[in-house]
Amino acid sequence: MTSIKRGAVVLAAAAGAFLTVVNSPASAAALDLRYYSVAPGLRLNVRSGPGTSYNIVRLLPEGAKVPIFCQTPGTTVTGTYGTTNIWDNIDNGEFVSDAYVQTGSDGYIAPRCG
């Protein structure tokens, strides 16, 4: 297999199939990405920043699962999983309150957004 260099696209033959790997911070993070359940029975607001004063950019459907790329402090919210000021970054410019995401922890479970 060819070694991967930052920004390079590599084709590797594995078990007779071709696998495309893009070596970037986003793709490296995607390899270890875990999805977390949103509180049952909720359609959750996704905001443009870590707080209730930010615009709603979309609505997650009931039963949604979300990745958490990083977390940051913001508006304190009380929800299904307690009261917290932690906001989860689930996509570029998209945040949800951790009070509605079942992470199994009351604290940070991902790096702080920077």
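Right above here is the structure, for reference.
By convention here, each chain's residues receive numbers from 1 onward along its written sequence. Owing to the predicted nature of the model, reporting of local features is limited to residues with pLDDT of at least 70; listing and counting of side-chain atom pairs is limited to 80 or more, with chain, interface and lining totals taken over all residues. Hydrogens and waters are ignored; side-chain quantities use all the structure's heavy atoms.

Caption draft 1: Focus on the overall build of the protein. Only runs of H or I of at least four residues qualify as helices and only runs of E of at least two qualify as strands under DSSP, and these elements are numbered from the N terminus. The helix and strand inventory of the protein stands at 1 helix and 10 strands. Ordered by position from N to C terminus, the α and β elements of the protein give β-β-α-β-β-β-β-β-β-β-β. For the exposure calls, accessible area comes from a 1.4 Å probe over protein chains only, and a residue counts as buried if that area is under 20% of its type's maximum, exposed if over 50%, partly exposed in between. Looking at the protein as a whole, 31% of its 114 residues are labelled buried. Surface accessibility of the protein: about 7,000 Å² in total, with carbon and sulfur atoms responsible for 52%. Where accessible areas are quoted, they stem from the Shrake-Rupley method and a 1.4 Å probe; at the residue level, only the protein chains shown are allowed to cover.

Caption draft 2: Quick peek at the pattern of salt bridges. By definition, a salt bridge exists where a carboxyl oxygen of Asp or Glu is found within 4 Å of a side-chain nitrogen of Lys or Arg. Applying the stated criterion across every chain yields a total of 1 salt bridge. Between Glu94 and Arg58 there is a salt bridge, with the nearest N and O atoms lying 2.8 Å from each other. Here the residue Glu94 occupies a position in strand 9 (residues 94–97), and Arg58 occupies one in strand 5 (residues 56–60), the gap between them amounting to 36 residues. Residue classification places Glu94 among the buried residues on the basis of a relative accessible area of 13%. Exposure remark for Arg58: the relative accessible area of 35% places this residue in the partly exposed category.

Caption draft 3: Quick peek at the side chain of Ser97. Position of Ser97 among the secondary structure elements: in strand 9. A relative accessible area of 4% means that Ser97 is categorised as buried.

Caption draft 4: Local environment of the pairing of strand 7 (residues 70–79). With 7 bridges connecting them, strand 7 and strand 8 (residues 82–91) associate as antiparallel partners. Bridged to Thr78 within strand 8 is Thr83. Should DSSP find at least two bridges between two strands, the strands are regarded as paired. Where strand 7 folds back on strand 8, the antiparallel hairpin that results is connected by 2 residues.

Caption draft 5: How the structure looks around the sheet that holds strand 6 (residues 65–67). With antiparallel pairing, 3 strands are arranged side by side in an open sheet as 6-3-10. Bordering the open sheet on either side are strand 6 and strand 10 (101–102), each of which pairs with just one other strand. Bridge count between strand 3 (residues 35–38) and strand 6: 3 bridges; the pairing is antiparallel. Note that in strand 6 the partner of Ser37 across the bridge is Lys65.

Caption draft 6: Focus on the nonpolar core. Residues belong to one nonpolar core when they are buried, are Ala, Val, Leu, Ile, Met, Phe, Trp, Tyr or Cys, and are joined through side-chain atoms within 4.5 Å. Among the nonpolar cores identified, the biggest contains 12 residues, and these are Tyr36, Val38, Leu44, Val46, Leu60, Ala64, Val66, Ile68, Ile90, Val96, Val101 and Ala110. Elements that contribute at least two residues to this core include exactly strand 3 and strand 4 (44–47). Contact criterion: two residues are considered in contact whenever any of their non-hydrogen atoms come within 4.5 Å of each other. Here Tyr36 is in contact with Ala64, Lys65, Val66, Ile68, Val101, Gln102, Thr103 and Ile109, once residues within four sequence places are set aside.

Caption draft 7: Seen up close, the environment of Ser97. Taking the C-alpha atoms as reference, Ser97 lies 6.9 Å from Val77; in sequence the two are 20 residues apart. Setting aside its immediate chain neighbours within four residues, Ser97 contacts Val77, Thr84, Ile86, Trp87 and Asp88.

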